[in-house]
Amino acid sequence: MIETVRLTKKFGDLTAVDSLNLHVEKGEIYGFLGPNGAGKTTTIMMILGLLPPTEGEVRLFGKRISEDYFNIKRRIGVLAEVQYLYEEMTALEYLRFFGQLYQVENVDQRIKETLGRVNLYDRRNELLKGYSRGMKQKLGLARALLHDPELLLLDEPVSALDPYGIKEVRDILLEENAKGKTILISSHILSEVERICHRVGIMNKGRLLAEDTMAELRRRLTEEVELTLELEEEREEVVAALRELPFVVGVSSNGKQITVKTRADQDYRGQVSATVSRHGGVVIDLRRHEMSLEEAFVTITEKNLSLLTKEGPAA
Amino acid sequence: MSVGYRIHAIKVSTKREIRSTLYGVGIYVVLALIFLISSYVFVNSTLRSVADAGIQALTNPITSPLFVSVGLAATYLGLCSSLSISRDRDLGTMEVLFYGPVDSISYVLGKYFHQLLAYLVILVFSLINFYAISLVTNVGFSIDILSIMFLSIFLTSCMVSFGILLSVSTRRVIVSVVLFLALVLFFLVFSMVHTWIMSIAGQNLTPTMVYVRVILDNANNFIKWISPVDYFLRGMSAVFRQDPGGYALSILSSLIYSLVLLSLSVGMFQRKGVRR
């Protein structure tokens, strides 16, 4: 759906995007992450054809944008981080204008549906200059969805929203994805990305450092896994037995609570639980601490780790 | 297929802009000012001189106020064009349009046709105004007035294309506006000085003035092709000479001028990009 080949953008001596090979498959939600200045927005602008690349190329729906400019643009919905609106218009006028531009059929019915989805239909006749930042962001999403695009490019889609608005947008994106839409989301709200994205790509200093599913990223970043057990009662022999297990890296205990660090090559919860039982212990709670996207993001970007090789992290 | 999409994008963006212009107060304020100024010119030139002389033979008594009227309207719309693209870039609204099915050609032509349509609105009001003046003062409403009014559409086309080129070339609104006004003023002053110096008989000029005249005349050979005002003046002159060929040539050259400037604008726009 989106493919960039050695995409590069230089501004004078600064390389904003460096040989980027990005692949977003049809029907997936792709989280495009990176710290400020990583080159995400520059990449999105090049994908949209708004910035010419210094080298490399972008393919959307299998074609270069110049090959079929208008048809490709009609199949994309875009929500930018900052909403630039015609503030002298009402929401209805604004969407009607874009509806006409995209030649949306039954435009008034479609506007009603779209504004309804972002809970702005009751405010449709208000001037946009009176809208709050969150309302403007939701209107931007309504504009991006209005022509029922196959591909959505969303740059920080929930940055101005309250938790209720974030949930609304999350539900809309999941609904759209369920209908087969492909979505690329650039966001700093990593918990949201983790919740809805099938795959993530992490950029830093213009380079794509990692591109994978969350589970695979965790597996490749994690050298040790921490398991926290709560026993029915304190048992010293259980702690001693756990220390003897070959895959255990360390054990610490605090009364009935035991923390076991194991190697990350496989899931050892079953063996840990069986060992506890063999030594007369009863496990009433067992938790595996998984690396969050936030931790993965920080690890990758702070150390500038490239995970694009097939095996494990490489600096 | 892309031509159809492009025409559609031009139509939709022109419609939005002209609607915004017609619902705003700016165009009506400018219309009122234009009528006031042209009426003042009419009263102070034609009517007062007739009153002073008792009788005067004038073939086109409405020409001066009409010239002022179309000149001001075209300059105003050229000014609006000169700030339109840099303002859109500054506000970021341009970027949003380019997320969708709008390209640099449809965007630039949308701006051009918007200003031209706005001029047609002004022209309709001007026609009513001058017809009313001719009826009230009984000075007559000749075919020349209609010819000049028609010609003024092409003057506006030149002014608007010129403004669009400046707007595309600059990133800041204030720079485009100042540049537009400064250049139009320069062209007008240059044209007046050139006309004046060429009207003086050679034997009355000092050697320095002869040298200045040669330089100005050579400069004029270049400036007359880049100044939007000159295309109109050539057409006006053809109207007064009753020269239909010259009139048609002036319209054709105005169209070529507009086309060249709009093509340059599109090229420059593609090079600069749409980002703020």
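Residues numbered from 1 in each chain as written. Chains lettered and ligands numbered in written order. Predicted model: local features only at pLDDT ≥ 70, side-chain atom pairs only at ≥ 80, totals over all residues. Heavy atoms only, no water.

**Comments concerning the pattern of salt bridges**
Move 1: The tally for this structure, following the rule as stated, stands at 30 salt bridges over all chains.
Move 2: Put simply, A:Glu176 and A:Lys181 hold a salt bridge, and the shortest N to O gap is 2.8 Å.
Move 3: A:Lys181 sits in the buried class, given a relative accessible area of 8%.
Move 4: In this structure, B:Glu17 engages B:Lys111 in a salt bridge whose closest nitrogen and oxygen atoms are separated by 2.6 Å. (Salt bridge = Lys/Arg side-chain N within 4 Å of Asp/Glu carboxyl O. Buried < 20%, exposed > 50% of the residue type's maximum accessible area, 1.4 Å probe, protein only.)

**Comments concerning unusual backbone geometry**
All names here are of chain A.
Move 1: Positive phi, close to 45°, is recorded for arginine 6, a residue that is not glycine.
Move 2: Relative to the helices and strands, arginine 6 is located in strand E1 (residues 2-11).
Move 3: Relative accessible area serves as the criterion here: at 53%, arginine 6 is assigned to the exposed category.
Move 4: Phi at glutamate 156 is positive, roughly 50°, even though this residue is not glycine.
Move 5: Mapped onto the secondary structure, glutamate 156 falls in the loop between strand E6 (151-155) and helix H6 (163-178). (Helix = DSSP H or I, 4+ residues; strand = E, 2+ residues; numbered from the N terminus.)

**Comments concerning the environment of B:Ser250**
Residue and element names in this part refer to chain B.
Move 1: Structurally, the position occupied by serine 250 is in helix H10 (residues 244-272).
Move 2: The spacing of serine 250 and aspartate 230 is 20 residues in sequence and 9.5 Å in space, taken between C-alpha atoms.
Move 3: In contact with serine 250, other than residues within four places in its own chain, are Leu151, Tyr231, Arg234 and Gly235.
Move 4: At 3.5 Å, the side chain of serine 250 forms a polar contact with the backbone nitrogen of glycine 235. (Contact = heavy atoms within 4.5 Å. Polar contact = N/O pair within 3.5 Å; in protein donor to acceptor, adjacent residues only side chain to side chain.)

**Here's the deal with helix H5 (residues 104-137) of chain B**
Move 1: For H5(B), built from 34 residues, the straight-helix expectation of 50 Å at 1.5 Å per residue is met to within 8% by its first-to-last C-alpha distance of 49 Å.
Move 2: At the C-terminal side of H5(B), B:Asn138 shows a positive phi close to 60°. (Expected span 1.5 Å × (residues − 1).)

**Details of the packing of helix H6 (residues 143-169) of chain B against H10(B)**
Residue and element names in this part refer to chain B.
Move 1: At a minimum axis distance of 8 Å, the contact between H6 and H10 shows a crossing angle of 20°. Judged by the angle between their axes, H6 and H10 are roughly parallel. Once H6 is placed against H10, the crossing between them reads as left-handed. (Axes fitted to C-alpha atoms, helices over the stretch in contact; angles between N-to-C directions. Parallel < 35°, antiparallel > 145°, perpendicular 65-115°, else oblique. Left-handed = near helix turned anticlockwise from the far one by under 90°.)

**Digging into the domain arrangement of chain A**
Move 1: Assigned domains of chain A: these are domain 1 (2-218) and domain 2 (223-289).
Move 2: Centre-to-centre, using C-alpha coordinates, domain 1 of chain A lies 45 Å away from domain 2 of chain A. (Domains from an automatic or database assignment.)

**Describing the sheet that holds strand E9 (residues 207-213) of chain A**
Residue and element names in this part refer to chain A.
Move 1: Reading across the sheet, the six strands line up as E5-E6-E7-E3-E8-E9 and stay open at both edges, with mixed pairing between neighbours. This sheet does not close on itself; its edge strands, each paired only once, are strand E5 (76-79) and E9. Direction aside, neighbouring strands of the sheet carry axes that sit 15° apart on average.
Move 2: For E6 and strand E7 (residues 182-186), the ladder comprises five bridges, and the chain directions are parallel. Bridge pairing links aspartate 155 to serine 186 in E7.
Move 3: Helix H5 (residues 133-146) rests against E5 and E6 of the sheet, and its axis sits at about 170° to E5.
Move 4: Lying on the sheet, H6 is in contact with strand E3 (29-33), E6 and E7; it crosses E7 at an angle near 150°. (Pairing = 2+ DSSP bridges.)

**Here's the deal with the confidence of the model for chain A**
Residues and elements named next belong to chain A.
Move 1: Per-residue pLDDT for chain A averages 87, and the proportion of residues at 70 or more is 96%.
Move 2: No element of chain A has a lower mean pLDDT than helix H11 (residues 293-303), at 73, and none a higher one than helix H3 (residues 91-101), at 95.
Move 3: A low-confidence stretch, residues 310-315 stays under pLDDT 50, and its non-local contacts, those more than four residues away or across chains, total eleven contacts. (pLDDT = per-residue confidence, 0-100.)

**Describing a nonpolar patch on the surface**
Residue and element names in this part refer to chain B.
Move 1: Together, Val25, Val29, Leu33, Leu36, Ile37 and Leu72 make up a nonpolar patch on the protein surface, roughly 540 Å² of accessible area in all.
Move 2: Looking at which element gives the most residues to the nonpolar patch, the answer is helix H2 (residues 26-53), with four residues.
Move 3: Locating leucine 72 in the fold gives a position in helix H3 (residues 63-91). (Patch = residues over 30% accessible without salt bridge, like charges linked within 9 Å, V, L, I, M, F, W, Y side chains within 5 Å. Areas by Shrake-Rupley, 256 points an atom, 1.4 Å probe, with all protein chains shown as cover.)

**Overview of the pairing of strand E10 (residues 224-231) of chain A**
Residues and elements named next belong to chain A.
Move 1: Only one face of E10 is buried: it carries Val225, Leu227, Leu229 and Leu231, and the other face, with Glu224, Glu226, Thr228 and Glu230, is open.
Move 2: With seven bridges connecting them, E10 and strand E12 (residues 257-263) associate as antiparallel partners. Across the sheet, glutamate 224 pairs through a bridge with arginine 263, a residue of E12.
Move 3: Bridge analysis of E10 against strand E13 (residues 283-289) gives six bridges, and the strand direction is antiparallel. From the neighbouring strand, leucine 231 faces E13, where its bridge partner is valine 283.

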